[in-house]
Structures are given as structure tokens and as C-alpha cells.
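Observations on chain architecture
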2 protein chains.
Amino acid sequence: MADPKTAADAPGARRRGPGRPPGRRGDASRTRNGILEAARAEFAARGYAGASVRAIARGAGVDPALVHHYFGSKDRVFIAAMDLPIDPETLVTTAFAQGVGHAGERLAETFVRLWEHPDTGTRLLAIMRTAVLDGGDPAFREFVGAELTARLAEGIGGPDAALRANLCVSQLLGVALTRYVLRLEPIASTPGAEIARRLAPILQRHLNG
Amino acid sequence: MADPKTAADAPGARRRGPGRPPGRRGDASRTRNGILEAARAEFAARGYAGASVRAIARGAGVDPALVHHYFGSKDRVFIAAMDLPIDPETLVTTAFAQGVGHAGERLAETFVRLWEHPDTGTRLLAIMRTAVLDGGDPAFREFVGAELTARLAEGIGGPDAALRANLCVSQLLGVALTRYVLRLEPIASTPGAEIARRLAPILQRHLNG
């Protein structure tokens, strides 16, 4: 199972990869931050679907190739700009690694571990609040819709896979809301392993249809 | 199944009951509104558990008997003060009317109907946003914890009934979040009857443990 830090550090790790342009460390950091700032403005103005790497590059005053160099694809730019501790690709790949029959269990374990981890949990809580306030951040909503639903649905298969993926996400968000945001009792003080154990068959049922 | 308006109107209906003190209609309305205003201040200051009918009466400058006369018990004052379209007592009684074996189905149907109804749906959406913002309204959190969890757990029975009640609530809140707040697709545009049909066995599983 992926360590929470792996997903959180993935975009940052890329800047140390091969092909890094010459220049001092401080220049690279400034360029990277400039791209992230331009990305946040672009996502806020056009949402996730409407934003483009080209427009982000223009906003930062750099070549689009440099955005690709630092972050890769648009979803990676979004993950870095929003400081998301979840990478839908890694999450879904991990969940389905042992086949769809174990995906409920793997998803439940990964979900609980991300939320219980001090760094990723704090960040997820902040996102949860921002995303729900004022009817939800449109860029975040589109990102979850486009990336997480699509990747989960691909793993599930079948004609109603997208709806089942949404229902699976709804159960996960509901636990995040009651346990970590509202802190309802007794769910808030139940050990994480017990929550994962109870969630597993429910998520599996959503996945199986 | 109870009409959404029944729960919404219940507190208001009480003021036309027997034992109404003498006075013009306008006086009664002013008294009632004064009590509701004092109740909102009291719940905001002390939360649900800490608030008392006596303190609410003092805040409104009336006798505690008058608060009981207009609203009944503390949970009814809270429902009226927060303009909640859900009455946990009616909701749970309705859900378990045909036995625990049908409670998942009844809960799913009632939940979808309340959210799809223009009046109650709008109000639920507003509560959902307020309750989640800034870590959740403490009074609302305590009310859900004390009233909804306890009543659901009573209907379920067994040593882990309260946790199963929380998980049931988590699934309902998760659907509210994805379908009505975030409006993820395809769950947002799926017919309500289909959502209720898919939720029923999930809720039943939470209830059965």
C-alpha cells in the first residue's frame, strides 16, 4: 500500500528528475511557485475542465514545455496547485492492485490511513471545508468528477460504473464528514482499523453494484 | 410515509393547540419570534446539550411554561429555531414502522423525498453548508449526535447500534454532499427513485451490522 507521503511528494519529486533546466535552486523554486500561482488563478477563473496548461504557462510568463517539465499533465498541476494529498491515479491503482474483489478493503484502508495521518489528514480537512463552502469549489468538483470518478469507474467496469463510483465516493466523503469534520460520536472516537473493517464490505457492495 | 410539510409545520401547528394564552394573534406571533430569537442565541452560546428551556425563557423575558406551551420539549425548540425540515423522532418512527428489515428502504425513500422537495431541499442545503463550515456548528453537531443517533440506535438495537447509526448517517450525508452540494456526475442527474433503490440495501447493511 502506498505511503501517504508518496502521493503528497510526487509533484515535488519531479523537479529533481532528469532534464531540469540549468539555473540556481532559487530560480527553479521561483519559477515553480510562479507556475503554481498562475495555475490557481487559471483554475479559479475557468474551472478544471476549462483550464489549460498553455494558459497557465502564459499566466506565469513561461513556455508550456516548462509547465510539463515541472509537473507533467494538467491533473498533476492541479494536485500541486491545490496541495492535494490524494493522487486519484495512485489511489485507484493501489485499490485495484489485488483485483476488484479486494478493492473495497484496499480503498477503506487507504482512506482511513490518509485521514489519520497528521499531514495528509490536516490538508484533507481544509480541502473538505473549502470544497463544500458556497456550494463547492467548481474546479475541485470538476477534478473529482473528471479524475476520481473516471478512474474508479474504469476499475469497476460495466454500464453503471460511473454511478457506482460516485456512490463509493459518497460513502467515503460521508465518513470524512461525520468522523473528521462534525466529529459525531461514537464514530469519531472509534479506532481507524474498526472503521476500515466496517467500510470495506460497504464500498465493495457499491463497487460490485 | 410522512409528508415533508408535516415535520416542517409541526412546531408551528402547536401554537394553535388547546391552552393558547389569551391575546391578539400579533402578540402571540411576537412572543413566539422572541422565544426563537432567544433560543438561537442560547444554542449558539452553549450548544445543544448546554442550552436549557429555562435560559431561553429568561432570554425572551417569558415564563418557561410559555416556551413549553409554544414548542414542547428542547428538541422541538431547536427544530423551530434552526428551521429544520427534519424531525428525528418522526423520521426514525417512519423508518422503523414496518420493522428493522424495511428500515433501509424507508430511510432511503424519506431521505430522497426530503432533499428533492423544493422547500425542504433548499433548507437542508443551507443547513448542510452552515453545519460543515468552520468545523461544523457545535449545536447542530450535538443535536444530530444526541437526537438522530440515539433514536436510530434505539431502533437498531445491539451493542454497536450507535456506531451503525453513525455509519448510516454518514452514507446519507455523503449522498447529500455529492448529489446536492458538489453535484458530481452522474449521481446528481440520476433519478431520485434510482438513488433510493441503490441506497436501500446499503443503509440496511449499516443497520444490520
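Residues numbered from 1 in each chain as written. Chains lettered and ligands numbered in written order. Predicted model: local features only at pLDDT ≥ 70, side-chain atom pairs only at ≥ 80, totals over all residues. Heavy atoms only, no water.

The name given to chain A in an unreviewed UniProt entry is TetR family transcriptional regulator, with the source organism recorded as Embleya hyalina.

Describing the side chain of E42 of chain B
In plain terms, the rule: Secondary structure follows DSSP: runs of H or I at least 4 residues long count as helices, runs of E at least 2 residues long count as strands, and numbering of each begins at the N terminus. Whether two residues are in contact is decided by their heavy atoms: any pair within 4.5 Å suffices.
Among the structural elements, E42 of chain B can be located in helix α2 (residues 25–50). Those residues in contact with E42 of chain B, other than ones at most four positions away along the chain, are G47, G50, A51, S52, A55 and I56 of chain B.

Brief notes about the relation of the copies chain B and chain A
The cut-off we apply is this: Least-squares superposition aligns the copies on the C-alpha atoms of those residues with pLDDT at or above 70 in both.
Least-squares fitting of chain B to chain A yields an RMSD of 0.0 Å, with the transformation described by 0.0 Å of translation along the axis and a rotation of 180 degrees. Each copy turns onto its partner about a two-fold axis. Identified as the residue of chain B closest to the rotation axis by C-alpha distance is G174 of chain B, at 1.9 Å.

Comments concerning unusual backbone geometry
Residue and element names in this part refer to chain A. Our working definition: Only protein chains enter the accessibility calculation, which uses a 1.4 Å probe. A residue is then buried if its area is under 20% of the maximum for its type, exposed if over 50%, and partly exposed in between.
Cis geometry is adopted by the peptide bond preceding P186, which originates at E185 and carries an omega value of 10 degrees. Here P186 lies in the loop between α10 (161–181) and α11 (192–208). Although it is not a glycine, D83 adopts a positive phi angle of roughly 55 degrees. Along the chain, the position of D83 falls in the loop between α5 (74–81) and α6 (88–95). Judged by relative accessible area, D83 falls into the partly exposed class, the value being 47%.

Structural notes on the nonpolar core
Across soluble globular proteins, nonpolar side chains show a tendency to be buried alongside one another. For clarity, the threshold we go by: Working definition of a nonpolar core: buried Ala, Val, Leu, Ile, Met, Phe, Trp, Tyr and Cys residues. They are joined through side-chain atoms within 4.5 Å.
Among the nonpolar cores identified, the biggest contains 134 residues, and F43 of chain A together with F43 of chain B are the most heavily contacted of them. Leaving out residues up to four positions away in the same chain, F43 of chain A has contacts with Y48, A51, I56, K74, V77, F78 and A139 of chain A.

A look at the interface of chain B and chain A
To be explicit about the condition: Note: buried area is the sum, over both parts, of the accessible area (probe 1.4 Å) each one loses when the two are combined. Whenever a carboxyl oxygen of Asp or Glu lies within 4 Å of a side-chain nitrogen of Lys or Arg, that contact is scored as a salt bridge.
Each side of the interface is counted separately: chain B has 41 residues, and chain A has 41 residues. When the two sides are added together, the surface that chain B and chain A hide from each other amounts to roughly 3500 Å², 74% of it contributed by carbon and sulfur. Taken together, chain B and chain A are joined by 2 salt bridges. In this structure, the salt-bridge partner of R198 of chain B is D160 of chain A, at a minimum N-O distance of 2.7 Å.

As for the environment of T149 of chain A
Within the secondary structure, T149 of chain A sits in helix α9 (residues 138–156). In this structure, the C-alpha to C-alpha distance between T149 of chain A and P88 of chain A, residues 61 residues apart in sequence, is 8.9 Å. Sequence-distant contacts of T149 of chain A, defined by excluding residues within four places in its chain, comprise V144, A162, A165 and N166 of chain A together with E185 and P186 of chain B.

Looking at α11 of chain A
Rules: Helix span is expected to be 1.5 Å times the residue number reduced by one. Fitting axes to the seven residues that end at a residue and to the seven that start at it, the angle between those axes gives the bend at that residue.
With 17 residues, α11 of chain A extends 24 Å from end C-alpha to end C-alpha; this agrees with the ideal 24 Å at 1.5 Å per step. For α11 of chain A, the principal kink sits at L199 of chain A and spans about 30 degrees; a proline, P201 of chain A, occurs within the next four residues. The inward-facing, buried residues of α11 of chain A abut α7 (103–116), α9 and α10 of chain A together with α10 (161–181) and α11 (192–208) of chain B. Where α11 of chain A ends, the next residue or the one after it, G209 of chain A, has phi of about 85 degrees, a positive value.

A look at the UniProt feature "DNA-binding region" (unreviewed entry) in chain A
Counted only if it meets this: UniProt positions are given in the numbering used here, feature names are shortened, and annotations may be inferred rather than shown by experiment.
Per the UniProt record, "DNA-binding region" (unreviewed entry) is annotated on residues 52–71 of chain A. Along residues 52–71 of chain A, the helical share is 80% and the strand share 0%, with 13 Å between the first and last C-alpha atoms.

Some details on α9 of chain A
Residues and elements named next belong to chain A. A rise of 1.5 Å per residue sets the reference length of α9, with its 19 residues, at 27 Å; its end C-alpha atoms lie 26 Å apart and thus fit the reference within 8%. When the local axis directions of α9 are compared, the greatest deviation, roughly 25 degrees, occurs at T149. Residues A139, F140, F143, V144, E147, L148, T149, L152, A153 and I156 constitute the buried set of α9. Following α9 by one or two positions, G157 adopts a phi angle in the positive range, close to 80 degrees.

Remarks on the environment of L148 of chain B
Residues and elements named next belong to chain B. On the secondary structure map, L148 appears in helix α9 (residues 138–156). In sequence terms L148 and L91 are 57 residues apart; their C-alpha atoms lie 8.8 Å from each other. Excluding anything up to four places from it in sequence, L148 contacts P88, L91, V92, F143 and V169.

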